[in-house]
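Observations on chain architecture
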Amino acid sequence: MDRARRHQRALARIALIFLALCAELFGRSLSHRLDFGGHVRTAGYSGADYYPFLLAAVKVGVALMLARLAWRFVKATRLLQSTGARRCRPKVRIELSPRLWLGSFVATSLIYLVQMDAEGISSGRWPLLAPWLHTFALPVFAVLSVVVAVGYRAVEQWLAEYETYAHETALRAARTGAALPTPRVTLADLIAPRALFGLAFEVRPPPAFA
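Residues numbered from 1 in each chain as written. Predicted model: local features only at pLDDT ≥ 70, side-chain atom pairs only at ≥ 80, totals over all residues. Heavy atoms only, no water.

**Concerning the overall build of the chain**
- For the chain, the helix and strand inventory stands at 7 helices and 0 strands.
- Each helix and strand of the chain, placed in order from N terminus to C terminus, yields the pattern α-α-α-α-α-α-α.
- Relative to its full complement of 210 residues, the chain shows a buried share of 29%.
- When the accessible surface of the chain is totalled, it reaches about 14900 Å², and 67% of it is carbon and sulfur. (Helix = DSSP H or I, 4+ residues; strand = E, 2+ residues; numbered from the N terminus. Buried < 20%, exposed > 50% of the residue type's maximum accessible area, 1.4 Å probe, protein only. Areas by Shrake-Rupley, 256 points an atom, 1.4 Å probe, with all protein chains shown as cover.)

**Considerations on a nonpolar patch on the surface**
- A contiguous nonpolar surface patch, about 570 Å² in accessible area, is contributed by I121, W126, L128, L129 and L133.
- Along the chain, L128 falls in the loop between α3 (98–122) and α4 (130–133).
- L128 sits in the partly exposed class, given a relative accessible area of 43%. (Patch = residues over 30% accessible without salt bridge, like charges linked within 9 Å, V, L, I, M, F, W, Y side chains within 5 Å. Salt bridge = Lys/Arg side-chain N within 4 Å of Asp/Glu carboxyl O.)

**Re the pattern of salt bridges**
- Taken as a whole and judged by the stated rule, the model has 4 salt bridges.
- A salt bridge links E163 to R72; the nearest nitrogen and oxygen atoms lie 2.8 Å apart. Placement of E163 in helix α5 (residues 137–179) and of R72 in helix α2 (residues 51–83) is noted, with a sequence separation of 91 residues between them.
- For R72, a relative accessible area of 11% corresponds to the buried category.
- Of the charged contacts, one joins R153 and E95 as a salt bridge, the two residues approaching to 3.5 Å between their closest N and O atoms.

**Brief notes about the environment of L96**
- Mapping L96 onto the fold places it in the loop between α2 and α3.
- For L96, a relative accessible area of 46% corresponds to the partly exposed category.

**Looking at α3**
- In a regular helix each residue adds 1.5 Å, so 25 residues correspond to 36 Å; α3 covers 36 Å between its end C-alpha atoms and thus fits that length.
- Two residues or fewer after α3 comes G124, characterised by a positive phi angle close to 90°. (Expected span 1.5 Å × (residues − 1).)

**Some thoughts on the nonpolar core**
- In terms of nonpolar packing, the biggest core is built from 6 residues, these being F105, Y112, M116, A137, F141 and A142.
- Put simply, the parts of the chain that give this core at least two residues each are α3 and α5.
- Formed by 5 residues, the second largest nonpolar core is a distinct cluster that contains A76, L80, Y165 and A166. (Core = buried A, V, L, I, M, F, W, Y, C linked by side-chain atoms within 4.5 Å.)

**Points about the packing of aromatic side chains**
- Scanning the model with the defined rule gives 5 aromatic pairs in all.
- Ring centres of W158 and Y162 lie 5.0 Å apart, and the angle between their planes is 10°; this geometry places the pair in the stacked category. Here W158 pairs with Y162, and both are found in helix α5, just 4 residues apart, close to one helical turn.
- Members of the aromatic cluster, connected to one another through ring pairs, are F73, W158 and Y162. (Phe/Tyr/Trp six-rings, centres within 6.5 Å; stacked < 30°, edge-to-face > 60°.)

Written as structure tokens, this is what we have:
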């Protein structure tokens, strides 16, 4: 059980990293469009050598993440259908976790800074903190991190509660089936005509001859 929980936590962190990377790619493009007269030259990162591999890795990672979410949902739904439960299912709750927001903001900002500095060094410059100081990247990533944190938290809580609800419902159904009393056969039932003769007791006698 502990091993399965550690495995699930690791996959959840990987999913959060992929969401942060997606937010960084979108926020980078958005910050360049909002950079009116900025001091940092807008880099054509879409034409960089690593960009196709980065885009492919993000798409594959997001596809695997969505496939795992769908698998967990289908598995819990099948468990509920086998028990016949239909009511009181968990609902999606929208709430913001400051810890998730901070982690997403730091991750997106650092990924952006590393990429910009690497591109600057390859072209003979070292902008260092200039991509943060002279662009709209930090405000953009702050807003996108709110979206990432809220969406991730909502899906994580709802899916965890849905799986817990399915398992608890299955356990209650199993306990109820095991606790059903078995009918007791008494001595009167054993010596009753119906028990002794079975269906012959139900057959009507033949009509009497006139």
